[in-house]
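Each chain is listed here by its residues.
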Amino acid sequence: MDVFEAVAEPTRRHLISLLAERERTAGELVDSLPALTQPAVSRHLRILRETGLVEVRPDGQRRIYALKPDGLQRIDDWITPYRRFWRDHLAALEQHLENQ
């Protein structure tokens, strides 16, 4: 699975959003998704690890998950031309409105 497939799933996007705020334990991440079982959340975390979006480190009995900043780089690279597209079109709209 690639990074685009990984972020296409809403549960994984939710986990990424939580980890963008701060590191979290596996238990905190499981608790944030009460509709899912612990094994289901673990499968999502495994996919995020395997695609390079998150990293995990042991801390005694706990596992601490963190977002890997460079993990989202491939998505950012893909979005860059579209960011320019919107910036240019919004600037043109602003210019048009100012000339009205």
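Definitions and cut-offs
- Residues numbered from 1 in each chain as written.
- Predicted model: local features only at pLDDT ≥ 70, side-chain atom pairs only at ≥ 80, totals over all residues.
- Heavy atoms only, no water.
- Core = buried A, V, L, I, M, F, W, Y, C linked by side-chain atoms within 4.5 Å.
- Buried < 20%, exposed > 50% of the residue type's maximum accessible area, 1.4 Å probe, protein only.
- Helix = DSSP H or I, 4+ residues; strand = E, 2+ residues; numbered from the N terminus.
- Polar contact = N/O pair within 3.5 Å; in protein donor to acceptor, adjacent residues only side chain to side chain.
- Contact = heavy atoms within 4.5 Å.
- Pairing = 2+ DSSP bridges.
- Axes fitted to C-alpha atoms, helices over the stretch in contact; angles between N-to-C directions.
- Salt bridge = Lys/Arg side-chain N within 4 Å of Asp/Glu carboxyl O.

In terms of nonpolar packing, the biggest core is built from 19 residues, with Leu 29, Leu 48 and Leu 53 touching the most fellow members. Of all the elements in the fold, those that place two or more residues in this core are α1 (3–8), α2 (10–21), α3 (26–31), α4 (38–50) and β3 (62–67).

With respect to the helices and strands, the residue Thr 80 is situated in helix α5 (residues 73–98). Under the relative-accessibility criterion, Thr 80 is labelled partly exposed at 21%. At 2.8 Å, the side chain of Thr 80 and the backbone oxygen of Asp 76 are in polar contact.

Tracing the backbone through its elements, the reader meets Arg 24 in strand β1 (residues 24–25). A relative accessible area of 11% places Arg 24 in the buried class. Of the polar contacts made by the side chain of Arg 24, one reaches the backbone oxygen of Leu 18; its length is 3.1 Å. One polar contact links Arg 24 to Glu 21, side chain to side chain, over a distance of 2.5 Å. Those residues within four positions of Arg 24 in sequence are excluded, and the remaining contacts are Leu 18, Leu 19, Leu 29, Arg 63, Ile 64 and Tyr 65.

This paragraph deals with the pairing of β3. Relative to β3, β1 runs antiparallel, the two being bridged by 2 bridges. Looking at β3, one finds that Thr 25 is bridged to Ile 64. Both strand β2 (residues 54–59) and β3 contribute to a ladder of 6 bridges, which runs antiparallel. Across the sheet, residue Asp 59 finds its bridge partner in β3, namely Arg 62. In this structure, the hairpin formed by β2 and β3 is closed by a connection of 2 residues, where Gly 60 is found at a positive phi of approximately 65°.

Here we take up the sheet that holds β1. By definition, the strands of a sheet pair up through backbone hydrogen bonds, in either a parallel or an antiparallel sense. Here 3 strands make up an open sheet; going across it, the order is β1-β3-β2 and the pairing antiparallel. The open sheet has two edge strands, β1 and β2, and neither has a second partner. Each of β2 and β3 is contacted by α4, which is oriented at about 115° to β2, the strand it contacts most.

Side chains that differ in sign of charge can pair as their charged atoms come close. Under the definition given, this model contains 6 salt bridges. Put simply, Glu 28 and Arg 22 hold a salt bridge, and the shortest N to O gap is 3.1 Å. Its relative accessible area of 30% is what places Glu 28 among the partly exposed residues. Since its relative accessible area comes to 40%, Arg 22 is described here as partly exposed. Linking Asp 59 and Arg 62 is a salt bridge whose minimum nitrogen-to-oxygen distance equals 2.6 Å.

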